[in-house]
Amino acid sequence: MVYHLLIDFRPQRKNDVSHYQRAIEIQQRLEAVLELVAAEQYSTPQIACEIDVSTATVSRCIDALRKQGHSIESVKIDGQWCYRLHGSSQKGSSKLAKAGKS
């Protein structure tokens, strides 16, 4: 009796679910950063602390949000550099208030 084994040498694809989940996490992080920027009182280190990421990740998020068309600028408030949405007069947001972060 002869047995034939089928061997698949193709590289295994990552699980589509984990890729999808990663995309959702990134989008949620961008939304959280945008909400903190809209609050007009958070610096890069403070945003990093609030959402538990590195300052480099915050900088990448700010760049990504700018590429999406958000007009984010740096302003000095009480001797501290903070981000704000250009033309925004909004102080905080309803989602931050619900999360207890406003």
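Residues numbered from 1 in each chain as written. Predicted model: local features only at pLDDT ≥ 70, side-chain atom pairs only at ≥ 80, totals over all residues. Heavy atoms only, no water.

Asks: Got a sec to walk through the overall build of the chain? Specific residues and values, please.
Replies: Regarding its fold elements, the chain presents 4 helices and 2 strands. Counting the 102 residues in the chain, one finds 26% classified as buried. Put simply, of all contacts in the chain between residues at least 6 apart along the chain, 54% involve residues at least 24 apart. Total accessible area on the chain is roughly 7800 Å²; 53% of this is exposed by carbon and sulfur atoms. (Helix = DSSP H or I, 4+ residues; strand = E, 2+ residues; numbered from the N terminus. Buried < 20%, exposed > 50% of the residue type's maximum accessible area, 1.4 Å probe, protein only. Contact = heavy atoms within 4.5 Å. Areas by Shrake-Rupley, 256 points an atom, 1.4 Å probe, with all protein chains shown as cover.)

Asks: An account of the pattern of salt bridges is requested, with residue identities and associated values reported.
Replies: Counted according to the given criterion, the structure contains 1 salt bridge. Note that Glu73 is salt-bridged to Arg84, the shortest N-O span being 2.5 Å. Linking Glu73 in strand β1 (residues 72-77) with Arg84 in strand β2 (residues 80-85), this pair joins segments that are 11 residues apart in sequence. (Salt bridge = Lys/Arg side-chain N within 4 Å of Asp/Glu carboxyl O.)

Asks: Could you give an account of helix α3 (residues 55-67), naming the residues involved and the relevant values?
Replies: Taking 1.5 Å per residue, 13 residues should reach 18 Å; α3 reaches 18 Å between its end C-alpha atoms and fits that length. Looking only at α3, the buried set comprises Thr57, Val58, Cys61, Ile62 and Leu65. All buried residues of α3 fall inside an arc of 140° around its axis, so they share one side. Pointing more than 90 degrees away from the buried face of α3 are the exposed residues Arg60 and Lys67. (Expected span 1.5 Å × (residues − 1). Arc of directions from axis to C-beta.)

Asks: Would you mind going over the pairing of β2 in detail, with residue names and values included?
Replies: Two elements, β1 and β2, share 6 bridges in a ladder whose sense is antiparallel. Each bridged residue has a counterpart across the sheet, and for Ile72 the counterpart in β2 is Leu85. Following β1, the chain reverses through 2 residues before pairing antiparallel with β2; Asp78 in that reversal takes a positive phi of roughly 50°. (Pairing = 2+ DSSP bridges.)

Asks: I'd love a proper account of the environment of Thr55, names of residues and values included.
Replies: Residue position: Thr55 is located in helix α3. For Thr55, a relative accessible area of 41% corresponds to the partly exposed category. Taking the C-alpha atoms as reference points, Thr55 and Pro45, 10 residues apart in sequence, are found 5.8 Å from one another. Aside from chain neighbours lying at most four places away, what touches Thr55 is Thr44, Pro45 and Ala48.

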